[in-house]
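# Examination of the molecular architecture
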Amino acid sequence: MAKMEVKTSLLDNMIGVGDMVLLEPLNEETFINNLKKRFDHSEIYTYIGSVVISVNPYRSLPIYSPEKVEEYRNRNFYELSPHIFALSDEAYRSLRDQDKDQCILITGESGAGKTEASKLVMSYVAAVCGKGAEVNQVKEQLLQSNPVLEAFGNAKTVRNDNSSRFGKYMDIEFDFKGDPLGGVISNYLLEKSRVVKQPRGERNFHVFYQLLSGASEELLNKLKLERDFSRYNYLSLDSAKVNGVDDAANFRTVRNAMQIVGFMDHEAESVLAVVAAVLKLGNIEFKPESRVNGLDESKIKDKNELKEICELTGIDQSVLERAFSFRTVEAKQEKVSTTLNVAQAYYARDALAKNLYSRLFSWLVNRINESIKAQTKVRKKVMGVLDIYGFEIFEDNSFEQFIINYCNEKLQQIFIELTLKEEQEEYIREDIEWTHIDYFNNAIICDLIENNTNGILAMLDEECLRPGTVTDETFLEKLNQVLYQVEGFVDKNNDLLYRDLSQAMWKASHALIKSLFPEGNPAKINLKRPPTAGSQFKASVATLMKNLQTKNPNYIRCIKPNDKKAAHIFNEALVCHQIRYLGLLENVRVRRAGYAFRQAYEPCLERYKMLCKQTWPHWKGPARSGVEVLFNELEIPVEEYSFGRSKIFIRNPRTLFKLEDLRKQRLEDLATLIQKIYRGWKCRTHFLLMKKSQIVIAAWYRRYAQQKRYQQTKSSALVIQSYIRGWKARKILRELKHQKRCKEAVTTIAAYWHGTQVRREYRKFFRANAGKKIYEFTLQRIVQKYFLEMKNKMPSLSPIDKNWPSRPYLFLDSTHKELKRIFHLWRCKKYRDQFTDQQKLIYEEKLEASELFKDKKALYPSSVGQPFQGAYLEINKNPKYKKLKDAIEEKIIIAEVVNKINRANGKSTSRIFLLTNNNLLLADQKSGQIKSEVPLVDVTKVSMSSQNDGFFAVHLKEGSEAASKGDFLFSSDHLIEMATKLYRTTLSQTKQKLNIEISDEFLVQFRQDKVCVKFIQGNQKNGSVPTCKRKNNRLLEVAVP
Ligand SMILES: Nc1ncnc2c1ncn2[C@@H]1O[C@H](COP(=O)(O)OP(=O)(O)OP(=O)(O)O)[C@@H](O)[C@H]1O
Ligand SMILES: [Mg+2]
């Protein structure tokens, strides 16, 4: 950070020149052009040395933010671009750290931005000085005194919508730490004539309009006011409304500010009562009335308004009425009373209104001072802010302008004096030879005005005191040549209020009004004339000047860029005019007296060290000798600069600019150099990296290529090797084979040879039928071997085993098949022989069932695995069925519980189903009582479906006894068994085959009717149980899942 501070400078990024001292050449034209150029770039502040020129931008610029405050805080004055904050910071720090009292003098013409500038200074100081609850309250009170004073002391004029109509000097007091303690405000010469009359296009003081627009109905009633502006003669109507100003809101702001500053509610109200009284005074009108002595006497036209004023202020109506009609002049012991004519009455009325208002204003200032006064008696450091009206040169310059301009001349004078003094002191401090400077000194102008014997003010006073008729003309006669319009001078200087009126006021019961007119107290009657306005002003200016001279001055010179209150317009003629009367060129000249520019050695060396080889980049010795070396090296003429103790002084801005140009050039060169080196470095690093990479890649690639070549060579070698080996091996093989064949051939030849030999020898022993014998023997051997082998390979004895050894010789084919058949029959027999008679019976039965139902009824396959038990119900053992058992003599074949389907509704009832050798019986399941008995000869047919259900019908012979009730329809879990047994029993007993019909639709005889029983597939509703339902008289439907 510390380094940064040295490196930034006012000279960086300058638009035009930031300091007029550097202007080259220096003349009015360049001065204005520089201001204009900067103004066009929104640079409204420019320095003349330590003086700040401020050009009113007439628009809000983003340069007063808290960030800006931080930026300028604790920075050196020339370090950043020109700003009012830089001046404020410099002043505050020098007050705090060096214990120097400061004053900030703000000048400029109306609308140039003085009041704004003073507020900016105050707010900056408030922002940077100490914090804490107590300190903040002081700050707040100081800041809030502004809106109160502005409401009562500012008005809209043609030049400025918020023109200050009084001069203001405010001392802000600080303790040793720089924390604010309080303040003192002095006011100068309120323009009170505005109360009774305003120039065209202007307004009265803001407070009147604010009160009427912003007060509540209740308050207005209390003050006997009406909201309508047009009701009041003192208010100018043509410009009662100001654009962008909300009087009502401002009224609230002012009331609030009064509260913060410390006004009691009753105080604020009596202030407003005085304001109301002033307004109402304007409405009092007079009419002439002839008197006996022939003179006209004035009379009040309408006493109502007077009455209300008296009620408001607590004055006896008759006293006030008399004061408007008579004038008492006292000389020595004599009292002479004369009547007033109408003109005199109006004069008296206006004088009263003006006095009332201006005294109220002074009272307000005093009251505020009471509040903001520092509470401690410790020694204070002081910062004064002077917001005084600047030079005004109008077409008609009246007494006010005269007074104002006098004040400005005085300010200019102390400015010149102090600047020169400071300059001189600096030279002495820095041990630089002082040379005399020529400049215009305005001391003679001041003298012309204030000289005690023949100064203008003295002469004016003399004229006022002169007995006899005193007019402006008589005064003019005394003066030689004046630029001022002399009309009203005498009157304004006199500032007379008839004693009758002040006495009437003193009699008021309204405490505030009474206190405003102390001279009305008859006990303190003072026959001496009050001091004239001019001499009062002169005295207060003298005090002010004395005060300022003890302080370190800081100047802000405000300039108004145009007359239209408009942004972006820069009227050169208007600015030129202001520059002239503000003496700004003079400022520059004084400032440039001797040396235009100075800078401490360290920052100077830091800024320009790159211009010389010895000092760049580092200078080891003291900064001063570094600068010396630098300047020698640059061959700057010796008369152009001087070495002070801590600073280098440069006589001419040209030299500085030369240095700046060189620096700029050098910086560019340096930048190029840095760029060059950087680029070189970058390229080289890049190149090195590439090179390294290339080597790595090449190494890898070579390795890879080499590997590949090696592998190729290796595989080629292998191929060649293998070919050669193969060839060699084949060669050996060929040779070996040849050898082997040779050997075989030898053996064969030998065998043949032997065979021939043997045959030749044994031929004589062979018989003719030897071949047949050998054949038979061989065949026998083969068959023998076949059987022996078959014996070993016999399959198992299971009749269902399909295995059979394969046939060894084709000629044994038929034998082999026959053998297989015999073997199978044999093992079947063997198998059958194992069965007992009972088992045989069971199998017979099963066989029968298979013949009857296999592939016909879907229920059949599930029955194959179930053994047929017949007597499921053990009647013999269950005592419940004893009776039933006794009733039956024959052998029971089937005893089982079946469901008998009720023909009427398809529902079922359980019945015991008994089959004996000759009969079929149905008995009740619970009681065992026999329900029906059918001889088997009467059973003609059994019907059932082809599906997976247990329903079956038993048809009875027509006309038989049993058939009277009709056929039976049952369902049973053992249908297959029951049907089979029924079939077999019928066959054995009657020698007749029972007819078994398998069909999905059959007729059943129920008494007289034939009902069709129909089986349908589907209906999963009842799970896997078939259900029977009667559909109609002729149809019973069985749903099989
Ligand atoms: N720094 C600024 N930024 C923006 N606007 C500004 C600035 N200074 C002044 N103004 C504008 O110019 C107007 C007039 O300024 P100001 O009241 O300070 O003038 P003045 O010099 O005090 O005039 P007078 O002598 O009549 O009191 C302000 O109301 C405001 O609109
Ligand atoms: Mg102002």
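Now for a description of the structure that goes with this document.

## Some details on the sheet that holds strand β15 (residues 641-643)
Strand order in the open sheet formed by three strands is β14-β16-β15, and the pairing between neighbours is antiparallel. Lying at the two open borders of the sheet, with one neighbouring strand each, are β14 (597-600) and β15. Each neighbouring strand pair of the sheet contributes to a mean axis angle of 15°, computed without reference to strand direction. Along the sheet face, helix α15 (residues 399-430) touches β14, β15 and β16 (647-650) and points at about 125° away from the line of β16.

## Thoughts on the nonpolar core
Ranked by size, the top nonpolar core spans 193 residues in total, and within it Phe31, Phe152 and Phe208 carry the most contacts. Element by element, the count of residues in this core is highest for helix α14 (residues 342-372), at 14 residues. Residues within four places of Phe208 in sequence aside, it is in contact with Val195, Leu235, Val275, Val278, Leu279 and Tyr357. Core analysis: the next-biggest nonpolar cluster, separate from the first, contains 33 residues, Phe952, Val954, Ile976 and Leu982 among them.

## Quick look at unusual backbone geometry
Residue Pro25 is bonded to the preceding Glu24 through a cis peptide linkage, with omega at -5°. Within the secondary structure layout, Pro25 lies in the loop between α1 (2-7) and α2 (28-40). Cis geometry is found at the peptide bond from Trp616 to Pro617, where omega equals 0°. The residue Tyr58 is not glycine, and still its phi comes out positive at about 55°. Mapped onto the fold, Tyr58 is located in the loop between β2 (51-55) and α3 (66-72).

## A word on the packing of aromatic side chains
Summed over all chains, the structure comprises 29 aromatic pairs. Between the aromatic rings of Tyr701 and Tyr704, the centroid separation amounts to 6.4 Å while the plane-to-plane angle is 45°, which identifies the pairing as tilted. Taken together, the residues Tyr701 and Tyr704, both in helix α27 (residues 653-762) and three residues apart, mark about one turn of the helix. Its relative accessible area of 54% is what places Tyr701 among the exposed residues. Taken together, the ring pairs in this structure connect Tyr601, Phe631, Tyr641 and Phe643 into an aromatic cluster. Above the face of the Trp506 ring, Lys514 is positioned so that its terminal group lies 3.9 Å from the ring centre.

## Things to note about the site of ligand 1
Contacts to ligand 1 come from 17 residues, most closely from Ser110, Lys114, Thr115, Ser163 and Ser164. The contact in question runs from an oxygen atom of ligand 1 to an N or O atom on the backbone of Gly113, over 2.9 Å. Contact between ligand 1 and Lys114: an oxygen atom at 2.6 Å from a side-chain N or O atom of the residue. Its free accessible area being 620 Å², ligand 1 has 85% of it covered by the protein chains. Where the shell around ligand 1 is concerned, the elements lending two or more residues are α5 (114-128) and β5 (163-164). With three residues, α5 is the single largest residue contributor to the shell around ligand 1. Its residues placed into classes, the shell around ligand 1 shows four nonpolar, nine polar and four charged.

Procedures and definitions
- Residues numbered from 1 in each chain as written.
- Chains lettered and ligands numbered in written order.
- Predicted model: local features only at pLDDT ≥ 70, side-chain atom pairs only at ≥ 80, totals over all residues.
- Heavy atoms only, no water.
- Pairing = 2+ DSSP bridges.
- Helix = DSSP H or I, 4+ residues; strand = E, 2+ residues; numbered from the N terminus.
- Axes fitted to C-alpha atoms, helices over the stretch in contact; angles between N-to-C directions.
- Contact = heavy atoms within 4.5 Å.
- Core = buried A, V, L, I, M, F, W, Y, C linked by side-chain atoms within 4.5 Å.
- Buried < 20%, exposed > 50% of the residue type's maximum accessible area, 1.4 Å probe, protein only.
- Phe/Tyr/Trp six-rings, centres within 6.5 Å; stacked < 30°, edge-to-face > 60°.
- Lys NZ or Arg CZ within 6 Å of the ring centre and 35° of its normal.
- Near = heavy atom within 4 Å.
- Polar contact = N/O pair within 3.5 Å; in protein donor to acceptor, adjacent residues only side chain to side chain.
- Areas by Shrake-Rupley, 256 points an atom, 1.4 Å probe, with all protein chains shown as cover.
- Nonpolar A, V, L, I, M, F, W, Y, C, P; charged D, E, K, R; others polar.

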